[in-house]
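# Per-entry structural report
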Amino acid sequence: MKITGVELRRIGLPLVAPFETSFGAQTHRDILLLRVVTADSEGWGECVAMSEPVYSPEYVDGAADVLRRFLLPAVAAAGPITAPLIAEVLAPYHGHPMAKAALEAAVLDAQLKAAGVSFGDYLGAVKPSVPAGVSVGIMPSVDVLLEAVGGYLSEGYVRIKLKIKPGWDLEPVRAVRERFGDDLILQVDANTAYEVGDARHLAQLDAFNLALIEQPLPEDDLRGHAELARMMSTPICLDESITSARSAADAIAMGATSVVNVKPGRVGGYLEARRVHDVCAANGVPVWCGGMLETGIGRAANVALAALPGFTLPGDTSASNRYYARDVTTPFVLEGGHVTVPTGPGLGVDIDRDWLDEITTGVEWVAFS
Ligand code: OSB
Ligand code: MG
């Protein structure tokens, strides 16, 4: 496939409500989209880097910079190309998995649209829809949290994930468990906010029958997670620590994780994400699809990935209106607690070009050849 050029488009979108995690609160998103153009097709990719490097080292201005300075020139120099070769061409440049993932996704979308194949069929999806969980931020009070969780449950979400941090952990978890009962699938995500010395405190979460605790300790503390796993009965699920299929294999071998959150942006693309899935499946480790507050562009690809056979737990694959009043694609909606896997060519969603233009804050065109 010969690429004519790539558009870097920045959009700004307000969130329907502030979203607070252990690393800070967000009220608005500044998102980088890529549009890969060929003679007979175009493809879209969403970069999940946030405005600031507070989840991982990447941030949206840095992603745009590394793309225009190194990644796009490397792909341009490679000549005609298809998605499976993108990671290899970009490998000399260390890091920047979110920038790389966005580029690979856009190339894949263009390629699949030209071939008339959906993301789901290409990746190996085995179901028409996927169960949807929702990630619930840190709230100003337990009462406000109970109200929010109640709202999501009445919408049909099948699993609740509570963001926790020191000072906001046992009390909100106990309150949600007591209010909504033992049948609720409940899990927590600390985004690295604890130390292994907090093990005895964290073990008190065992009383609440959680499906898992996500990334309690720092990203590079695999040994600490293995130690923590021996000190609490709640399964440990790594997010930030899993940066490749190899690191997933290592974490599993060390006993640092017994469930894995798969995020394509964090591992450098949907093809590596599928390899993480494969490694986990080979080890009998269940996986679920994480999220990064994606618009419909990234969400479409995530939902396709989440339909692979090893994704046996509900993911952070919520409906568009969880974050955005108006999405940039046909919105994903919740039907019986599930979202539908698109079946059209490529991502299989229509882009709302008028809305996209309205919320665009900048466009750059990088011509190839
Ligand atoms: O840790 O899973 C996370 C959002 C931004 C950065 C990190 C995380 C999250 C979420 C929300 O938990 C997932 C989503 O609903 O998209
Ligand atoms: Mg997480």
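Provided above is the structure to which this section pertains.
The notes below deal with the structure included here.

Cut-offs used in this document
The residue count restarts for each chain, going from 1 along the sequence in the order it is written. To read the labels, note that chains go from A and ligands from 1, taken in the order they are written. In view of the model being predicted, local features appear only for residues whose pLDDT reaches at least 70, and side-chain atom pairs are presented and counted only at 80 or more, with totals across whole chains, interfaces and linings using the full set of residues. Just so you know, side-chain values use all the structure's heavy atoms and leave hydrogens and water out. Numbering of helices and strands runs from the N terminus, with a helix taken as a DSSP run of H or I at least four residues long and a strand as a DSSP run of E at least two residues long. Note on pairing: DSSP must find at least two bridges between two strands before they are called paired. Any pair of residues with heavy atoms lying within 4.5 Å of one another is described as a contacting pair. Axis definition: a line fitted to C-alpha atoms, limited for helices to the stretch in contact. Angles are taken between N-to-C directions and run from 0 to 180 degrees. Summary of the distance rule: residues count as near a molecule or strand when at least one heavy atom falls within 4 Å of that molecule or strand. Here a polar contact is taken to be a pair of N or O atoms separated by no more than 3.5 Å, where protein atoms must pair a possible hydrogen donor with a possible acceptor and residues adjacent in sequence count only if both atoms sit in side chains. Accessible surface area values rest on a Shrake-Rupley calculation with a 1.4 Å probe, where residue burial reflects the displayed protein chains alone. Nonpolar residues are Ala, Val, Leu, Ile, Met, Phe, Trp, Tyr, Cys and Pro. Charged residues are Asp, Glu, Lys and Arg, and all others, Gly as well, are polar. Bear in mind that the domain bounds are from an automatic or database domain assignment. Residues belong to a common nonpolar core when they are buried Ala, Val, Leu, Ile, Met, Phe, Trp, Tyr or Cys residues joined through side-chain atoms within 4.5 Å. Exposure is judged per residue with a 1.4 Å probe applied to protein chains only, and the accessible area is read against the type maximum: over 50% gives exposed, under 20% gives buried, and values in between give partly exposed. Think of it like this: strands point away, you trace from the first strand over the helix to the second, and a clockwise trace means the crossover is right-handed. What counts as a ring pair is set by centres within 6.5 Å for rings of Phe, Tyr and Trp (its six-membered ring), and what kind of pair is set by the plane angle: stacked under 30 degrees, edge-to-face over 60, tilted for all other angles. Each reported salt bridge corresponds to a side-chain nitrogen of Lys or Arg within 4 Å of a carboxyl oxygen of Asp or Glu. Coordination shells were defined by N, O and S atoms within 2.8 Å of each metal, extended to 3.2 Å for Na, K and Ca; water is absent from the atom set, which can make sites look incomplete. Each residue after the first adds 1.5 Å to the expected span of a helix.

### Here's the deal with unusual backbone geometry
A positive phi angle, close to 70°, is found at T192, a residue other than glycine. Its place among the elements puts T192 in the loop between β7 (186-189) and α7 (199-202).

### Here's the deal with the sheet that holds strand β10 (residues 259-262)
Read across the sheet, 7 strands follow the order β5-β6-β7-β8-β9-β10-β11 without closing on themselves; strand pairing throughout is parallel. Only two strands of the sheet have a single neighbouring strand rather than two, namely β5 (133-136) and β11 (287-289). Pairing of β10 with β11, which is carried by 3 bridges, proceeds in the parallel orientation. Bridge pairing links V260 to V287 in β11. Contacting β10 and β11, helix α11 (residues 270-282) runs over the sheet at an angle of about 170° to β10.

### Things to note about the site of ligand 1
Neighbouring ligand 1 are 16 residues; K163, D189, N191, L293 and Y323 lie closest to it. The separation between an oxygen atom of ligand 1 and a polar side-chain atom of S135 is 3.0 Å. Within the side chain of Y323, an N or O atom sits 2.6 Å from an oxygen atom of ligand 1. Protein contact buries 100% of the 390 Å² of open area that ligand 1 shows by itself. When the residues that make up the shell around ligand 1 are grouped by side-chain class, the tally is 6 nonpolar, 3 polar and 7 charged. Domain assignment of the residues forming the shell around ligand 1 places at least three in each of domain 1 (3-116 + 353-367) and domain 2 (121-340).

### Examining the nonpolar core
The biggest cluster of nonpolar side chains holds 124 residues, and the ones touching the most others in it are L103, L162 and L205. Counting residues per element, this core draws most heavily on helix α3 (residues 97-115), at 10 residues. When residues are assigned to domains, this core turns out to be shared by domain 1 (3-116 + 353-367) and domain 2 (121-340), each giving three or more. Setting aside its immediate chain neighbours within four residues, L205 contacts I164, L170, V173, V188, L210, I213, M232 and T234.

### Structural notes on the sheet that holds strand β2 (residues 24-38)
Taking strand neighbours across the sheet as the criterion, the 4 strands line up as β3-β2-β1-β13 in an open arrangement whose pairing is antiparallel. Among the strands making up the open sheet, the edge pair consists of β3 (42-47) and β13 (360-367). In this sheet, adjacent strand axes meet at a mean angle of 20° when their direction is disregarded. On top of the sheet, helix α1 (residues 60-78) reaches β1 (3-21), β2, β3 and β13; it is set at about 160° to β1, its chief contact. In the packing of α3 onto the sheet, contacts are made with β1, β2 and β3, and the angle to β3 comes to roughly 155°.

### A word on the pairing of β7
Judged by which residues are buried, β7 turns out to be covered on both faces: L186 and V188 on one side and Q187 and D189 on the other are all buried. Crossover handedness for the path strand β6 (residues 159-163) to helix α6 (residues 170-180) to β7: right-handed. Across 2 bridges, β7 lies against strand β8 (residues 213-214) in parallel orientation. Paired with V188 across the strands is I213, a residue of β8.

### Some details on the packing of aromatic side chains
The final tally for this structure, using the stated rule, is 6 aromatic pairs. A centroid spacing of 5.7 Å and a plane angle of 85° characterise the contact between F19 and Y323, whose relative ring orientation is edge-to-face. Residue F19 is found in strand β1, and its partner Y323 is found in the loop between α12 (296-305) and β12 (338-340); the two are separated by 304 residues along the sequence. For the pair F19 and Y323, a shared accessibility class is recorded, and that class is buried. Between F70 and Y93, the ring centres sit 5.4 Å apart and the planes meet at 35°, which makes this aromatic pair tilted. In this pair, F70 is assigned in helix α1 and Y93 in the loop between α2 (83-90) and α3, connecting sequence segments 23 residues apart.

### Points about the pattern of salt bridges
Two side chains bearing opposite charge may form a pair once their charged atoms approach each other closely. Counted under the stated rule, the structure contains 20 salt bridges. We note a salt bridge from D189 to K163, for which the minimum N-O separation is 2.7 Å. Here K163 lies in strand β6 and D189 lies in strand β7, a separation of 26 residues in the sequence. Per residue, the accessibility class of D189 equals that of K163, and both read buried. R266 is the salt-bridge partner of D239, the closest N and O atoms lying 2.6 Å from each other. Here D239 is found in the loop between β9 (236-238) and α9 (245-254), whereas its partner R266 is found in helix α10 (residues 264-267), with 27 residues between them in sequence. Here R266 falls in the buried class, since its relative accessible area comes to 6%. Each of R159, K161, K163, D189, E214 and D316 takes part in salt bridges that share partners, so that together they form one network.

### Things to note about the coordination of the magnesium ion (ligand 2)
Surrounding the magnesium ion (ligand 2) are the protein donor atoms D189 (OD), E214 (OE) and D239 (OD), which sit 2.1 to 2.3 Å from the metal. What makes E214 buried here is its relative accessible area of 0%.

### Here's the deal with α11
Taking 1.5 Å per residue, 13 residues should reach 18 Å; α11 reaches 18 Å between its end C-alpha atoms and fits that length. Burial in α11 covers these residues: Y270, L271, E272, A273, V276, H277 and C280. Trailing α11 by a residue or two, G284 shows a phi angle of about 70°, which is positive.

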